[in-house]
Amino acid sequence: MASVATSKLQLNLPRAWPLLTVPLPLLTWLYLMPALQHTPAAQIPDLTLRLAALLTVPLPALVLHVLTTPPQLATRLLLGEPAQQTVRASLRLVLLATALLLTVPATLALAADLRHVAAVLAGVVPLTAGLAVAAMLHGLRLMARGRHAGWAAVAGGGAFGPAESAPLLYLPAFALVGALAPVALLAAVWNARPEWLTPTIWRGMPLIGLWLGWRLAATALRRARRHLHAGLRAAAQAYATRFAQADGLEEPPRWLTLGAASGALQLLARAWHRRWPLSGIATVALAVGVTVLVPAEAPPLTHFVLAVGFAWIAHSRVLALAHEPVWPASRWLGVTRAVRAAAQRRLACGLSLPLVALAAVLAWQRQGAGLLGLGAGLAVGWSWLHVDWSKPAWIQWGAWLVFGAGVVAGIVGAT
Amino acid sequence: MTAILQASGLTQHYGTQVVLNGLDLAIDPGQVVVILGENGAGKSTLLRTLACELPLTAPSALRIGEVDAVADPEHAARQLIHVAQHPPLAPQLTAAEHMAALVAFRGVDPAATAARQAAIAQALRIDGVLHRPIRALSGGTAHKVALMLAFLAQTPLVLLDEPHAGLDVRSALALRALIRESRDAGTAFVLASHLAEATLAVADRALVLVQGRWALDLDAAQLAAFQGDARRFEAAVLQAMG
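Computed from a predicted model, the values in this text were never measured in an experiment.

## Quick word on the pairing of strand β9 (residues 205-210) of chain B
Residues and elements named next belong to chain B.
Okay, step 1: With five of six residues buried, β9 lies mostly within the body of the structure.
Okay, step 2: Bridge analysis of strand β3 (residues 32-36) against β9 gives four bridges, and the strand direction is parallel. Paired with Ile35 across the strands is Leu207, a residue of β9.
Okay, step 3: In the sheet, β9 pairs with strand β10 (residues 213-218) via five bridges, with the strands oriented antiparallel. Residue pairing across strands places Val210 opposite Arg213, the latter belonging to β10.

Okay, structure coming up:
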């Protein structure tokens, strides 16, 4: 049985702290700017609010990811591949849910031109934190139990997994909530009693928030270290005995294979989907969220940055597809090179076409959003270059062409 | 008898280092050939070359069955199956799904395979893990899954690189029995191995590879003279290795 070295946990904490504390000054600053100008909540610039909303989604999830599945904790050795995959899949699922829950109210508020989006955002910060904590709870509960269990098991306390694993659930969650509490409190006070927050208080708020968050989380984790070690050992033991097998053997969605159902494609799509179960949906959800939340009047540079972001996402997905271990396996199992190349092309289309379609639909709706369409073209061109096309060669030339056009148009549009 | 594999002048380089230096080899159906040699002698490279995984250029010539492997390596590769030391199984798929893929893509007869699959899985003691993803299996168990698939692939030639590595004693004995059984059914094997006892248990021919050339070639009659005396066989191999 692998043990958890104290040094490994200590190594992990400094890595997590910057991520944990970055949201505090950023979010506080975003609330600070309009307040310094004595702007009523109803007149906060859309851009400020939307950027604040964007920042609230990924950062807590990133913090959770680092806290729960860092390489420094050697979870692969400690818990085995199935446990690590389960936890990661769980975190991805809740990240997606968080993104959707954030996007929907913000979108509704903006669509109805409700100038009280601040209220939505004030609620979103703790909501995001709460959902992120729920993600960690869920992931760690799976880690301890080895399989899905009802939420009542968590509510009942101590009924989930070994008793020693309970600190794994609540201590990091307390630390995270503690770190985000000042921001949530500030947002609530600002909405309820804006006159309390004088410019002097606003100016000092980032420092106060940073200090409070740091102290709360540092104290909680310092006191919890011994319990965390015990919890990790208990979870590892549980996995090594009763739950040493993976749960999910999902089948791929039909859209991933663009409706095709050949044997080779199904095999490859199944392997891809099990490795990245939410990658396609999460990419589209992220694209929708970003595109909806960023206003048309935002500077061209913002759109260009978004386009590059889309390109990077699509590129990383298709690159991951090209490096899937399933390709050498399929060759070994007898899938011919031509069939493999065709399947890879189709899967690459399934992963990147939704992004292109989305950008194309939105491009004509927004002023300046044409860059999004070009960005999507750039994404496709860039990422498809990494696909084992084999034949026909003209597709590679086409991909280079789209790539080059995307870069040139993006630079011209941004400048 | 028509050879299932005919190679002549096999040559492979890693940069300026010559790994295979004009090797000749012919293997008949139902023959078990064991390749011996020190670490780094080129055994794995030889198996990869025979499996058409490495490019071949003149003067190398290789035929697998009736197929010219230099001209059509993909077609030639379908005449054999190669289990490397780290077989390329898909971590997310189960052993049963690998089997289904093998049936679909190598044209294996599923009806004839079902009973044999159950027997092999039981012999290798993996019948309880066939529906688990490969990533959830230990390295040794995953290796046994790859061996099971190789025996079920119904190819006339099977290449096994260090097949006993990572196997427990019971599974190693089962593997030898499976090799003998398949050999009797006409399947030819090329094994890379370090184990003298395992070689004597299954081999019809043993070759020692030193600096890219054959240093020793023992046929079935010569190997029979070493039966029951693995130490003497080891001494002969060591002498050939220099």
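## A short note on the environment of Arg331 of chain A
Okay, step 1: Residue placement: Arg331 of chain A occurs in helix α14 (residues 326-333).
Okay, step 2: Beyond its immediate sequence surroundings of up to four residues, Arg331 of chain A is in contact with Arg340 of chain A together with Cys52 and Glu53 of chain B.

## Quick look at the nonpolar core
Okay, step 1: With 76 residues, the main nonpolar core has Leu102, Met148, Ile179 and Phe233 of chain B as its most contacted residues.
Okay, step 2: It is helix α5 (residues 139-152) of chain B that contributes the most residues to this core, nine residues altogether.
Okay, step 3: With sequence-adjacent residues up to four places away left out, Leu102 of chain B is seen in contact with Leu333 of chain A together with Ile81, Gly107, Val108, Leu149, Leu152 and Ala153 of chain B.
Okay, step 4: Ile4, Leu20, Ala69 and Leu157 of chain B belong to the second-largest nonpolar core, a separate cluster that totals 31 residues.

## Quick look at the sheet that holds strand β4 (residues 61-64) of chain B
All names here are of chain B.
Okay, step 1: Overall, antiparallel pairing links the four strands, which are arranged β2-β1-β4-β5 in an open sheet. Sheet topology places β2 (17-27) and β5 (67-68) at the edges, where each strand pairs with a single neighbour.
Okay, step 2: Where strand β1 (residues 5-14) lies against β2, eight bridges are found, and the strand directions are antiparallel. In the sheet register, Ala7 faces β2, and the bridge partner there is Leu25.

## Overview of the pairing of strand β7 (residues 157-161) of chain B
Residue and element names in this part refer to chain B.
Okay, step 1: For β7, the tally of buried residues reaches five of five residues, placing the bulk of the element in the interior.
Okay, step 2: As judged from the four bridges shared by strand β6 (residues 80-83) and β7, these two strands associate in the parallel manner. Considered in β7, the bridge of His82 is made with Leu159.
Okay, step 3: Sheet analysis places β7 next to strand β8 (residues 188-192), joined by five bridges and oriented parallel. Among the inter-strand pairings, Leu157 is bridged to a residue of β8, identified as Ala188.
Okay, step 4: Each parallel crossover has a hand, and for β7 linked through helix α6 (residues 169-184) to β8 it is right-handed.

## Overview of the interface of chain A and chain B
Okay, step 1: Taken together, the contact pairs 28 residues of chain A with 27 residues of chain B.
Okay, step 2: Summing both partners gives a buried area of about 2300 Å² for chain A against chain B, and 62% of it is carried by carbon and sulfur.
Okay, step 3: Contact with chain B buries area across many residues of chain A, yet Arg274, Trp332 and Leu333 of chain A alone supply 34% of it, more than any other trio.
Okay, step 4: At the junction of chain A and chain B, the tally comes to one salt bridge.
Okay, step 5: Mapped onto the side of chain A that touches chain B, the elements with two or more residues apiece are α6 (81-111), α11 (263-275) and α14 of chain A.
Okay, step 6: Here the side of chain A that touches chain B gets seven residues from one element, more than from any other, and that element is α11 of chain A.
Okay, step 7: Residue classes in the side of chain A that touches chain B are distributed as 14 nonpolar, six polar and eight charged.

## Some words on the side chain of Gln12 of chain B
Residue and element names in this part refer to chain B.
Okay, step 1: Checked against the element boundaries, Gln12 lands in strand β1.
Okay, step 2: Taking the relative accessible area as the measure of exposure, Gln12 reaches 8% and is therefore buried.
Okay, step 3: From its side chain, Gln12 meets the backbone oxygen of Pro55 in a polar contact 3.1 Å long.
Okay, step 4: Aside from chain neighbours lying at most four places away, what touches Gln12 is Gln17, Val18, Val19, Leu20, Thr45, Thr49, Leu54, Pro55 and Leu56.

## With respect to helix α4 (residues 110-123) of chain B
Residues and elements named next belong to chain B.
Okay, step 1: Taking 1.5 Å of rise per residue, 14 residues should cover 20 Å, and α4 covers 19 Å from first to last C-alpha, within 8% of that figure.
Okay, step 2: The largest bend along α4 measures about 25° and falls at Arg116.
Okay, step 3: All of the buried residues along α4 are Thr113, Gln117, Ile120 and Ala121.
Okay, step 4: Contact partners of the buried residues in α4: α3 (95-105), α5 and α6.
Okay, step 5: By the N-cap criterion, in which a side-chain oxygen at the helix start approaches the backbone nitrogen of a residue two or three places on, α4 is capped by Asp109, the distance to Ala111 being 3.1 Å.

The rules behind these values
Residues numbered from 1 in each chain as written. Chains lettered and ligands numbered in written order. Predicted model: local features only at pLDDT ≥ 70, side-chain atom pairs only at ≥ 80, totals over all residues. Heavy atoms only, no water. Buried < 20%, exposed > 50% of the residue type's maximum accessible area, 1.4 Å probe, protein only. Helix = DSSP H or I, 4+ residues; strand = E, 2+ residues; numbered from the N terminus. Pairing = 2+ DSSP bridges. Contact = heavy atoms within 4.5 Å. Core = buried A, V, L, I, M, F, W, Y, C linked by side-chain atoms within 4.5 Å. Right-handed = clockwise from strand over helix to strand, strands pointing away. Buried area = accessible area lost by both parts, 1.4 Å probe. Salt bridge = Lys/Arg side-chain N within 4 Å of Asp/Glu carboxyl O. Nonpolar A, V, L, I, M, F, W, Y, C, P; charged D, E, K, R; others polar. Polar contact = N/O pair within 3.5 Å; in protein donor to acceptor, adjacent residues only side chain to side chain. Expected span 1.5 Å × (residues − 1). Bend = angle between axes of the 7 residues up to and from the residue.

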